[in-house]
Amino acid sequence: MATDGSSDRIESVEADEPGRLSLRTRRLSWIGGIIGILLLIGFAYYLSHQSTASKGAGGARGAGGRGAGGRGGAGGMNQPTTVGTAKATSADLPVLVEALGTVTPAATVTVRPQVSGTITQLLYTEGQRVSRGQTLAIIDPRTYSAALLQAQGALTRDRAQLENARVQLQRYNTLLQQDSIARQDRDTQAALVHQLQGTIAVDQGAVQQAQINMGFTRIVSPVSGRVGLKVVDVGNYIAAGDTNGIAVVTTLQPIDVEFAVPQQQAPAIQKRIAQGATIAAIALDSTRTQQLDSGRFSTLDNRVDTTTGTIRGKARFANAGYQLYPSQFVNMRLTVDTVRNAVTVPPSAVRSGPNGNFVWLLKPDRTVTERKVTTGISDNDRMQITTGLALGETVVTDGGDRLTEGGKVALPGDKPAAGTGSGRRRRGAQGG
């Protein structure tokens, strides 16, 4: 019996052994994780203290170096800032007005026939430059030549009748003086003379109309310019006043550019016009780098466009080189006026601050001071200073972002300071 009991206990212990081993394994893993976290925390604490200690040592070394004139001394920290400078100079600055314009021809004419008929000749080619009065086409003139002959014949007949009536009237006047004819007969003859005179006037008008129609058979250009693409061919019948006409002639020399300027700039332009001044105009390409032509300002419109707040203007160009083409977009530049002897500096010298525009003024002792200025007009490389700066004063153009009031500066041509060289030698000696 005892043997059987002991064997049962052994079997029970063996059965519980896997569960105990699993529990022990989990405990060991938790303990290992906690130990790892503690080690990481300790390592981080160590690194942070090492960084603080190194900074303290560096500060001590810096203080010692400054006291001894070492690498971190005042001689290295207060080196003057190298800047670029320019002097305030006198220049003539143009007052410019710039706008986007559209090229418009001085005249665009659709040449339409004044009489109907068949086109027998076309005397132009597409794109040809024609002069005013030059014949472009001919309409068959035979019908109108016959009408002219008829009108001239009627005029000749009625003139002969008038001459006969006048001779008869003179006879009636003589007989009336002799009391040989009734006054009524004489008055009737006088009325016939007046009637024939009216007929002659009608006939002369008919002759003139026939002559005009005969002339209209030769279709001429009413303006000088360039002919567009062909509209009609020889042999076609064309009616008087046809919508399409026979050609379109556009005047290219001279040519106009229409543009819009802000209404705030109109008074300055109008003032110069009232003074009788000629306002120069330049047409530039879309990149504003190539000048297409130069001309003069013509006029301003008589009203302001309320939707845009602008006023339309026009300038005229000779267009000698045919650089301007109808409906082309160009950049307009008007020289409204010129400011003479203006105090100017490069635009890079002018800076903006809380109190407005200012410049860094270079003093003779190589220090800078902030000078408040008022700016005027400017162009690409010069800006006008209306107040705050005198001719000949030197301003900083480059490196102004690193300057402070009263700070020392150096110019590109200056020699290195002696303190810098001695500091280097001392550092070399210490390193040795």
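Chains are numbered independently. Their residues run from 1 in the order of the written sequence. Local features in a predicted model are, by the rule used here, given only for residues with pLDDT of at least 70; side-chain atom pairs are given and counted only at 80 or more, and totals for whole chains, interfaces and linings are based on all residues. Hydrogens and waters are ignored; side-chain quantities use all the structure's heavy atoms.

S.K.: Tell me about the sheet that holds strand E11 (residues 247-250), and please be specific about residues and values.
M.R.: Taken together, the four strands give an open sheet; going across it, the order is E4-E11-E9-E6, and neighbouring strands pair in antiparallel fashion. The outermost strands of the open sheet, each flanked by one partner alone, are strand E4 (108-111) and strand E6 (129-130). Strand pairing follows a simple DSSP-based rule, namely that at least 2 bridges must link the two strands. Segments assigned H or I by DSSP are reported as helices when at least four residues long, segments assigned E as strands when at least two residues long, and all are numbered from the N terminus. Across two bridges, the pairing between strand E9 (residues 225-227) and E11 is antiparallel. Residue Arg-226 lies in a different strand from E11, and its bridge partner there is Thr-250.

S.K.: Describe the sheet that holds strand E5 (residues 117-122), with residues and values.
M.R.: The strands making up a sheet are joined through hydrogen bonds of the backbone, oriented either antiparallel or parallel. The four strands lie next to each other as E8-E7-E5-E10, forming an open sheet whose pairing is antiparallel. The open sheet is flanked by strand E8 (218-220) and strand E10 (237-238), the only strands paired with a single partner. Inspection of the sheet shows E5 paired to strand E7 (residues 135-139) by three bridges, in the antiparallel sense. Bridging from a neighbouring strand, Leu-122 pairs with Ala-137 of E7.

S.K.: Give me the pattern of salt bridges: which residues, what numbers.
M.R.: Salt bridges are counted wherever a side-chain nitrogen of Lys or Arg sits within 4 Å of a carboxyl oxygen of Asp or Glu. Here the structure, examined in full by the defined rule, presents twelve salt bridges. Its salt-bridge partner being Arg-333, residue Glu-98 comes within 2.9 Å of it at the nearest N-O pair. One end of the pair, Glu-98, is in strand E3 (residues 89-105); the other, Arg-333, is in strand E16 (residues 329-345), with 235 residues separating them in the sequence. A residue is classified by how much of its surface remains accessible, and Arg-333, at 23% relative accessible area, is partly exposed. Categorising residues by exposure relies on relative accessible area from a 1.4 Å probe, with only protein chains included: less than 20% of the type maximum marks a residue as buried, more than 50% marks it as exposed, and the intermediate range marks it as partly exposed.

S.K.: Describe the pairing of strand E13 (residues 280-284), naming the residues involved and giving the relevant values.
M.R.: Within a regular beta strand, the side chains point alternately toward one face of the sheet and then the other, so they alternate between its two faces. With five bridges joining them, E13 and strand E14 (residues 291-300) adopt antiparallel strand pairing. Residue Ala-281 lies in a different strand from E14, and its bridge partner there is Gly-295. As consecutive antiparallel partners, E13 and E14 are separated by six residues, and within that stretch Arg-288 has a phi angle of approximately 60°, a positive value. With five bridges joining them, E13 and E16 adopt antiparallel strand pairing. Note that in E16 the partner of Ala-281 across the bridge is Leu-334.

S.K.: Talk me through the packing of aromatic side chains; I want residue IDs and the actual numbers.
M.R.: Stacked, tilted and edge-to-face are the three classes assigned to paired rings of Phe, Tyr and Trp, where Trp is represented by its six-membered ring and a pair needs centres within 6.5 Å; plane angles under 30 degrees give stacked, over 60 edge-to-face, the rest tilted. Inspection of the entire model under this criterion finds two aromatic pairs. Both rings, one in Phe-259 and one in Phe-297, keep their centres 6.3 Å apart while their planes meet at 55°; by these two values the pair is tilted. Taken together, the residues span a long stretch of sequence, with Phe-259 in strand E12 (residues 255-262) and Phe-297 in strand E14 at a distance of 38 residues. When the centroid spacing of 5.8 Å and the interplanar angle of 90° are considered together, the rings of Phe-358 and Trp-360 count as edge-to-face. In this arrangement the basic side chain of Arg-129 is found over the ring face of Tyr-322, its NZ or CZ atom lying 4.0 Å from the centre. To sit over a ring, a charge needs its Lys NZ or Arg CZ within 6 Å of the ring centre and within 35 degrees of the ring normal.

S.K.: Explain unusual backbone geometry to me, using residue names and the numbers behind them.
M.R.: Negative phi is the rule for most residues except glycine; trans is the rule for most peptide bonds. With an omega of -5°, the peptide bond running from Gln-253 to Pro-254 counts as cis. Positive phi, close to 55°, is recorded for Asn-319, a residue that is not glycine. Tracing the backbone through its elements, the reader meets Asn-319 in the loop between strand E15 (310-317) and E16. Relative accessible area serves as the criterion here: at 0%, Asn-319 is assigned to the buried category. With phi around 55°, Asn-341 is a residue other than glycine that occupies positive phi space. Its location among the elements puts Asn-341 in strand E16.

S.K.: I'd like a description of a nonpolar patch on the surface, backed by residues and values.
M.R.: Surface patches are defined over residues having more than 30% relative accessible area and no salt bridge, joining like charges when they lie within 9 Å and nonpolar side chains (Val, Leu, Ile, Met, Phe, Trp, Tyr) when within 5 Å. For accessible areas, the Shrake-Rupley method is used with a probe of radius 1.4 Å. Any residue's cover is judged against the shown protein chains and nothing else. Nonpolar side chains collect at one region of the surface, where Ile-34, Ile-37, Leu-38 and Ile-41 lie side by side and expose about 420 Å² of accessible area between them. Structurally, Ile-41 can be placed in helix H1 (residues 2-68).

S.K.: Outline the environment of Gly-235, supporting the account with residue identities and numerical values.
M.R.: Tracing the backbone through its elements, the reader meets Gly-235 in the loop between E9 and E10. Judged by relative accessible area, which is 48%, Gly-235 ranks as partly exposed. Distance from Gly-235 to Thr-118, taken between C-alpha atoms, is 5.9 Å for residues 117 residues apart in sequence. Throughout, a contact is declared for two residues whenever any of their heavy atoms are within 4.5 Å. The residues contacting Gly-235, other than those within four sequence positions of it, are Thr-118 and Ile-119.

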